[in-house]
Every structure is written in structure tokens, then in C-alpha cells.
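A look at the structure
Read off the chains here:
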Amino acid sequence: LGPAMETTKENRGIGSFLEGVKESINENIKIDIDGIKQAGSDCFSAARETSSICDSTITKAGQLVDFGLGMKLALEGFGDGFNVKDLAAVGNVVRGDKMKLALGLASEMDDLAFACVSQSIKMTDAIDAGIETLPDILEKSIDERMDNAKEKGSRDGDPELPDLDSDIRALETAADTVRDANPLATMEAFQNAFDGITEKGELSRDLFGTIRNFAEDVVGVSEAMKDFNLGNVASHIRNLVKDIWRCLRLSDLIRSFAQAVERLIKWIMKVIEALLNKVKRLNIDLSNFGCCADIEETLKSFGMDMVDFKTFSENILTALSKA
């Protein structure tokens, strides 16, 4: 093997294996090569599928962002002078059918995130199956696979999994605010909710972009595995081990990021569901707003608005309680 090869534990194991290869490259070695090629091919297919899934999900995330931005822009048209008569107009802008379409879009994204998790498991299983076909001396050098994959398969520049807890809390607060808002506080609650949908939709799109980059990296590495041949035995086996560690690490990153974005999407869905339920309630309540509008017009003739009327009513009730 020559003095250039490092005398690491891994290389000593590979060196022992290569000594056996030098003595006789028999049919059993060919079967091992076929096994690792099959592993590379299966991993390659799963990675290509993951990349395609991410392309589709990134498009859907963009549509969800556009939906949130469109709703925010429409609501901004009401300005600060929001009153009871504006509720009917808000009901027309934030319609239930629009909410259902957005909810369907988010649900599809959720399904695709789960599909990414499933593909990452296929990648790991494929590599595990390939490792099982290797001679014992080499297989033992790749033990405790997933535990060691982060150390041995990482590269400088690999992004860290972001902490999404604060993002989840923001969405939870937005959903609660929509559910609890009284009619005249609906506008602010809706605007905050659409802010959350837009911002977290953009974050979801970015995370799927990262997953796609991981998948494309797997495509490159696994392609080398599926085209593996003994050739220059020492260097090829050494590169094979590196490729195995890299594929294991990338498949784990894909799984972790996909599970994180799946959690984020589920909370986006909860915000949309809260909006949908609020719109339904709003539409039901609008049938009673005709009398409110009449009251508001009457109050205007006395130089009062609904807030003044509320204060006036509270003062009367306080005086009556003391009578």
C-alpha cells in the first residue's frame, strides 16, 4: 500500500481486507461489488425522488406565501377606521373558500414533507443493505453507523438544523388570537395570522430548499457508489467508505429537516383552520349586524359612535347597580 497511506484504525482494517483481495479476487468479491452498486442505485433513486418532491413543495410554499401576502394587502385597504359595517366586507375578502384552498395547499405540503422523511429512510436502508454485502473486515470498520455518521460524514458548510420553537410559538399565538378575537378585533387578529402564514411559509420554502440541496449531494455521492469498481483497489475502497459515511449523514440530515418543516407546516395549518372557523362564525353573525348598522347611524346623529355607546351603557349599568 506504500507509506503514503495513513496508519489510522480505519485504514489498517482496509489494509487487511486488501491483503485478502490481493491473494484472490474471486466470485465472492464480485458479489460484494454488485451489492454496493445496488445500494448506490437505490440510494440514487431515492435522492432523485426527494429532489423532485422538494421542487414541487417549494412551488406550493411559494403559492402559500402569495396567498398570505394577498390577504394582507386586501385587509390593509380597510385602514384604521375599522367599524362594525366593515365586517361584511372583511367576510367577503377573507372568504371560506379561499381558506379551504389555502388549507388544502398546506395539507399537500405536509404530505410531501412526510414523503421526504420516507425517502430518507429508504436511503439509509439502501446503504445499510450495501454495507451488509461487504466482507466482514470492511463491514466492521463501518459499525455504529448512524451514531458515527455525524462525525465521519459531515462536511464544512453543512447547515445546522434551526430551532423552530419560537416560530411554532408565534403560530400558536396567532391561532389563539384569531379564535378569541371579538368581531371588532377581528381585523388585527387576521392581519397577524396572515403575517404568520407568510413568514413561516417563506421559512418552509427555505427549509425545503436545504433538503433539496442535501438530496442533490446524495445524488452525486451515490452515483459514484452505483458505478463502483475495484480498479485501483486501495483508493477506491477508501473513497467507498467515505461515500458510505457521507450518504448516511445526508440521509439523516434530510430526515431531521423534513420532520422539522413538517411540524412547522402543521402549525400553519392550525392557523388557517382558526381563520376558517372564524370566517364561518363571522358569516353567521353578519345576519344580526343589520340592526347594529342602524344603531350606528342613529348614534352618529347624536355625535356618538359604538365605543361611546359602550361607555354610556356601562355608566348606566353602574348607576343602576348603586340605586
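Since the model is a prediction, treat every value here as computed from it, not as a measurement. Each residue is numbered by its place in its chain's sequence as written, counting from 1. pLDDT decides what is reported in this predicted model: residues at 70 or higher carry local features, side-chain atom pairs at 80 or more are listed and counted, and totals for whole chains, interfaces and linings draw on all residues regardless. Hydrogens and waters are ignored; side-chain quantities use all the structure's heavy atoms.

**Quick look at helix α7 (residues 165-180)**
- Between its first and last C-alpha atoms α7 spans 22 Å; for 16 residues at 1.5 Å apiece the expected length is 22 Å, and the two agree.
- The buried label goes to any residue with under 20% of its type's maximum accessible area, the exposed label to any with over 50%, and the partly exposed label to all in between, with areas taken from a 1.4 Å probe on protein chains only. Only DSSP runs of H or I reaching four residues or more are called helices, and only runs of E reaching two or more are called strands; each is numbered from the N terminus. Turning to α7, its buried residues are D167, I168, L171, A174, A175 and V178. With its buried residues spanning 120° around the axis, α7 presents them on a single face. Facing away from the buried surface of α7 by more than 90 degrees, the exposed residues are R169 and D180. One less than the residue count of a helix, multiplied by 1.5 Å, gives the span that helix is expected to have. Arc definition: it is the arc formed by the directions from the helix axis to the C-beta atoms.

**Some details on the nonpolar core**
- Counting 77 residues, the largest nonpolar core has L64, F194, F208, I211 and L275 as its most contacted members.
- Those elements that provide at least two residues to this core are α2 (27-76), α4 (96-132), α7, α8 (186-226) and α9 (233-286).
- When residues of this core are assigned to their parent elements, the largest contribution, 25 residues, is made by α9.
- We call two residues in contact whenever any of their non-hydrogen atoms come within 4.5 Å of each other. Non-local contacts of L64, meaning those with residues more than four positions away in its chain, are made with A102, L105, M109, I197, I268 and I272. Within this scheme, the nonpolar core is defined by two criteria: the residues are buried Ala, Val, Leu, Ile, Met, Phe, Trp, Tyr or Cys, and they are joined through side-chain atoms within 4.5 Å.

**Here we look at the environment of S154**
- One can find S154 in the loop between α6 (145-153) and α7.
- In this structure S154 touches A149, R246 and R249, once residues within four positions along its chain are discounted.
- Within 3.5 Å is the distance limit for a polar contact, defined as a pair of N or O atoms, with the added protein rule that one can donate a hydrogen and the other accept it, and that residues adjacent in sequence qualify only through two side-chain atoms. A polar contact is formed between the side chain of S154 and the backbone oxygen of K150, at a distance of 2.3 Å.
- Polar contacts involving the side chain of S154 include one to the side chain of R249, which spans 3.1 Å.

**A closer look at the confidence of the model for the chain**
- Counting all residues, the mean pLDDT for the chain is 77, and 63% of those residues have values of 70 or more.
- Taken element by element, the chain is modelled with least confidence in helix α1 (residues 9-23), mean pLDDT 46, and with most confidence in α7, mean pLDDT 95.
- Each residue gets a pLDDT score, which is the predictor's confidence in that residue and runs from 0 to 100. The model gives residues 1-31 a pLDDT under 50, and that stretch makes 30 contacts with residues more than four places away or in other chains.
- Below a pLDDT of 50 lies the segment residues 284-290, which in the model reaches five contacts outside its immediate sequence neighbourhood of four places, other chains included.

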